[in-house]
Amino acid sequence: MNDLMRWMYHHYIKPNIESQPKDDAEDMWLSFLDFELNEDQKRALQSSLAYYAVQGFRLGLRTGVTLHADL
């Protein structure tokens, strides 16, 4: 991830994802991960989540730009 995407993740993408309402099942799984993973695993999970969230964001941007003329 380059610096711009890292900044976008921490200041726009992650806060947006975290502000979404969660149902009880999602909340249970997230708290389960908190108790079961050690610190290295939590860092690896956060890095993986950041990578895939940024890739999804970039895909949405490219799709929006491509479909803009058709919409």
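Worth saying up front: this structure is predicted, and the values here are computed from it rather than measured.

Draft legend 1. Just a negative patch on the surface, in detail. Taken together, the side chains of Asp23, Asp24, Glu26 and Asp27 present a region of like negative charge at the surface. Mapping aspartate 24 onto the fold places it in helix H2 (residues 24-36). Owing to a relative accessible area of 71%, aspartate 24 belongs among the exposed residues under this scheme.

Draft legend 2. Just the environment of phenylalanine 57, in detail. Here phenylalanine 57 shows up in helix H3 (residues 39-67). C-alpha separation for the pair phenylalanine 57 and aspartate 70, spaced 13 residues apart in sequence, amounts to 20 Å. Setting aside residues no more than four positions away along its own chain, phenylalanine 57 makes contact with Met8, Tyr12 and Ile13.

Draft legend 3. Inspection of the packing of helix H1 (residues 3-18) against H3 at higher detail. It is the contact of H1 with H3, at a shortest axis distance of 10 Å, that shows an interaxial angle of 90°. Here H1 is positioned roughly perpendicular relative to H3, judged by the angle of their axes. Packed against H1, whose contacting residues are Met5, Met8, Tyr9, Tyr12, Ile13, Lys14 and Ile17, the element H3 presents Gln46, Leu49, Ala50, Ala53, Val54, Phe57 and Arg58 at the interface. In terms of residue class, the contact of H1 with H3 is built from 11 nonpolar, 1 polar and 2 charged.

Draft legend 4. Representation of a nonpolar patch on the surface within the structure. On the surface, Met28, Trp29, Leu30, Phe32 and Leu33 cluster together to form a nonpolar patch covering roughly 510 Å² of accessible area. Structurally, the position occupied by leucine 30 is in helix H2. Take leucine 30: its relative accessible area is 45%, and that puts it in the partly exposed class.

Draft legend 5. Spotlight on the packing of aromatic side chains. According to the stated counting rule, one finds 3 aromatic pairs in the structure shown. Their ring planes at 90° and their centres at 5.8 Å tell us that tryptophan 29 and phenylalanine 32 sit as a pair that is edge-to-face. Of this pair, tryptophan 29 and phenylalanine 32 both sit in helix H2, 3 residues apart, roughly one helical turn. Using a relative accessible area of 52% as the deciding quantity, one classes tryptophan 29 as exposed. Since its relative accessible area comes to 42%, phenylalanine 32 is described here as partly exposed. For the pair tyrosine 51 and tyrosine 52, a centre-to-centre distance of 5.0 Å together with 80° between the ring planes defines the contact as edge-to-face.

What counts, and where the lines are drawn
- Residues numbered from 1 in each chain as written.
- Predicted model: local features only at pLDDT ≥ 70, side-chain atom pairs only at ≥ 80, totals over all residues.
- Heavy atoms only, no water.
- Patch = residues over 30% accessible without salt bridge, like charges linked within 9 Å, V, L, I, M, F, W, Y side chains within 5 Å.
- Areas by Shrake-Rupley, 256 points an atom, 1.4 Å probe, with all protein chains shown as cover.
- Salt bridge = Lys/Arg side-chain N within 4 Å of Asp/Glu carboxyl O.
- Lys, Arg positive; Asp, Glu negative; His and termini not counted.
- Charge placed at Lys NZ, Arg CZ, Asp CG, Glu CD.
- Helix = DSSP H or I, 4+ residues; strand = E, 2+ residues; numbered from the N terminus.
- Buried < 20%, exposed > 50% of the residue type's maximum accessible area, 1.4 Å probe, protein only.
- Contact = heavy atoms within 4.5 Å.
- Axes fitted to C-alpha atoms, helices over the stretch in contact; angles between N-to-C directions.
- Parallel < 35°, antiparallel > 145°, perpendicular 65-115°, else oblique.
- Nonpolar A, V, L, I, M, F, W, Y, C, P; charged D, E, K, R; others polar.
- Phe/Tyr/Trp six-rings, centres within 6.5 Å; stacked < 30°, edge-to-face > 60°.

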